[in-house]
Amino acid sequence: MQKYDIYSGKPDSNGNQTVIETTMILYKKAAALSAYLAKIRQQGNRIGFVPTMGALHQGHISLVQASKKINDLSVCSIFVNPAQFNDKQDFEKYPSTIEQDIDQLEKAGCDILFMPSVAEMYPQGTIDAEHYPLGYLETVLEGEFRPGHFQGVCLVVHRLLDIVQPHELFLGQKDYQQCMVIKKLIELKKSNCALHICPTLRENDGLAMSSRNVRLSAKDRARAPKIYETLTDIKTNLQTGDLNKLKKRAAQKLTDGGFTVDYIEIANADNLEILESWNGETKLTALAAAFLGDVRLIDNLLLAD
Ligand code: PAF
């Protein structure tokens, strides 16, 4: 394993920073990780956290990099959370590239990788799991098309936050609604953790980076950038007044491009209220979810802020 220098973050009375030399440490047990991080925290270090389900790409790595910029120690988790998959096949086919993931994290200078088992994460199972009052947020868009998904996301993120207790949490804007849900979870739990929503990273042709992209056939991979093209088209042609024509045209564009569309919507960027018309002032976002074959892609674009 490569060696990395971690600065303790707190200069001593002479203004010198202590250099702790370490390798990336892999934890599988929650209690051991919590105990280690408690010590790190007591020493006055700040902890950044990037939760993932593995099959890492540059988008995830950019989150680790963002964490490293403002924290003394960065933790990444890899856990494919069964509780958030409403579709069994999607869970079974979720890509796994553990060796490459570890390699990428080490190169990015990630300090700790947490890779728990299902039993470690859910020792009591998930049947009697807590219900999170997410309200409207879980009735629209992803919430409507993936029933139970956000409850599963909250369950795992709540548990991860309890284990890691980070000062800062890093999420990608690609999962826009998930970011809003986790923001709400943080509020519900009255956690002091600061949420950082980092920009979506895109391939050269505009396709949002996603772990699921590797599952696209060559033909579908070539079609996939249409989703970003369509969101960009909405942004370019946005006008005050009725939005329905614009949405209808966007859905048609995706259908013509070979997608099976779950939704393509324009919503208030602050609360995801679906809008039929625009007053020219409300901050807007366009969001889409659509299948190419059996691969479901999501993307979003801020339209006006
Ligand atoms: O975005 C993801 O990869 C997952 O939903 C998350 C936040 C790691 C929770 O399992």
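Data block above holds the structure.
Below you will find a few notes about this structure. (Residues numbered from 1 in each chain as written. Predicted model: local features only at pLDDT ≥ 70, side-chain atom pairs only at ≥ 80, totals over all residues. Heavy atoms only, no water.)

A few words on the overall build of the protein chain. When helices and strands are counted, the protein chain shows 11 helices and 13 strands. The C-alpha radius of gyration computed for the protein chain amounts to 20 Å, which stays within 12% of the reference 19 Å derived for 305 residues, consistent with globular compactness. C-alpha atoms of the protein chain, sized along the principal axes, occupy 65 × 40 × 40 Å. In the protein chain, which comprises 305 residues, the share counted as buried stands at 50%. Restricting the contact set of the protein chain to residue pairs at least 6 apart, pairs at least 24 apart contribute 70%. For the protein chain, the accessible area works out to roughly 14,700 Å², and carbon and sulfur atoms hold 49% of it. Each charge class in the protein chain can be summarised by its mean position, and for the 34 positive and 38 negative side chains these summaries are 1 Å apart. (Helix = DSSP H or I, 4+ residues; strand = E, 2+ residues; numbered from the N terminus. Rg over C-alpha atoms; globule rule 2.2 N^0.38 Å. Buried < 20%, exposed > 50% of the residue type's maximum accessible area, 1.4 Å probe, protein only. Contact = heavy atoms within 4.5 Å. Areas by Shrake-Rupley, 256 points an atom, 1.4 Å probe, with all protein chains shown as cover. Lys, Arg positive; Asp, Glu negative; His and termini not counted. Charge placed at Lys NZ, Arg CZ, Asp CG, Glu CD.)

Checked against the element boundaries, N71 lands in the loop between α2 (58-70) and β5 (73-78). Classification of N71 by relative accessible area gives buried; the value is 9%. If sequence neighbours within four positions are ignored, N71 has contacts with R46, I47, G48, H167, E168 and F170.

This paragraph deals with the packing of aromatic side chains. This structure, assessed with the given rule, holds 5 aromatic pairs. Taken together, a centroid distance of 5.7 Å and an interplanar angle of 75° make the contact between F85 and Y94 edge-to-face. The class for F85 is buried, based on a relative accessible area of 11%. A relative accessible area of 13% means that Y94 is categorised as buried. Counting every residue linked through ring pairs, the aromatic cluster contains F85, F91 and Y94. (Phe/Tyr/Trp six-rings, centres within 6.5 Å; stacked < 30°, edge-to-face > 60°.)

A few words on the layout of surface pockets. Counted as a void, the second largest pocket has a volume near 310 Å³. Residue contributions to the lining of the second largest pocket peak at 6 residues, all from helix α8 (residues 176-188). (1 Å grid on protein atoms, 1.4 Å probe; cavity = no way out; pocket = protein on both sides within 12 Å on 5 of 7 lines; lining within 4 Å. Points joined across faces, edges and corners; volume = space filled by probe spheres on them.)

Positioned with a positive phi, K190 is a non-glycine residue whose angle comes to about 50°. Relative to the helices and strands, K190 resides in the loop between α8 and β8 (194-198). We note that L272 has phi near 65°; this positive angle belongs to a residue other than glycine. Tracing the chain through its elements places L272 in the loop between β10 (260-268) and β11 (277-278).

Because each turn of an α-helix spans 3.6 residues, side chains separated by three or four positions in sequence point in the same direction. An ideal rise of 1.5 Å per residue puts 18 Å on 13 residues; α2 measures up with 19 Å between its terminal C-alpha atoms. Inspection of α2 places G59, H60, I61, S62, L63, V64 and S67 among the buried residues, and these make up the whole buried set. (Expected span 1.5 Å × (residues − 1).)

What follows covers helix α7 (residues 149-164). When the terminal C-alpha atoms of α7 are compared, their 22 Å separation across 16 residues agrees well with the 22 Å that a helix rising 1.5 Å per residue should span. Of the residues trailing α7, Q165 is marked for its positive phi of about 45°.

Let us look at the packing of α7 against α8. Where α7 contacts α8, the two axes come as close as 10 Å, and the packing angle between them is 55°. Relative to α8, the element α7 is oriented oblique. As α7 runs across α8, the sense of the crossing is right-handed. Touching F150, V153, C154, V157, H158 and L161 of α7 are Q177, Q178, V181, I182, L185 and I186, all from α8. Split by residue class, the contact of α7 with α8 holds 9 nonpolar, 3 polar and no charged. (Axes fitted to C-alpha atoms, helices over the stretch in contact; angles between N-to-C directions. Parallel < 35°, antiparallel > 145°, perpendicular 65-115°, else oblique. Left-handed = near helix turned anticlockwise from the far one by under 90°. Nonpolar A, V, L, I, M, F, W, Y, C, P; charged D, E, K, R; others polar.)

Further remarks concern the sheet that holds strand β13 (residues 295-304). Read across the sheet, 3 strands follow the order β10-β12-β13 without closing on themselves; strand pairing throughout is antiparallel. Of all strands in the sheet, those with a lone pairing partner are β10 and β13, marking the two edges. Here the average twist between neighbouring strands, direction ignored, is 10°. Relative to strand β12 (residues 284-292), β10 is paired through 8 bridges, and the arrangement is antiparallel. Considered in β12, the bridge of T260 is made with F291. (Pairing = 2+ DSSP bridges.)

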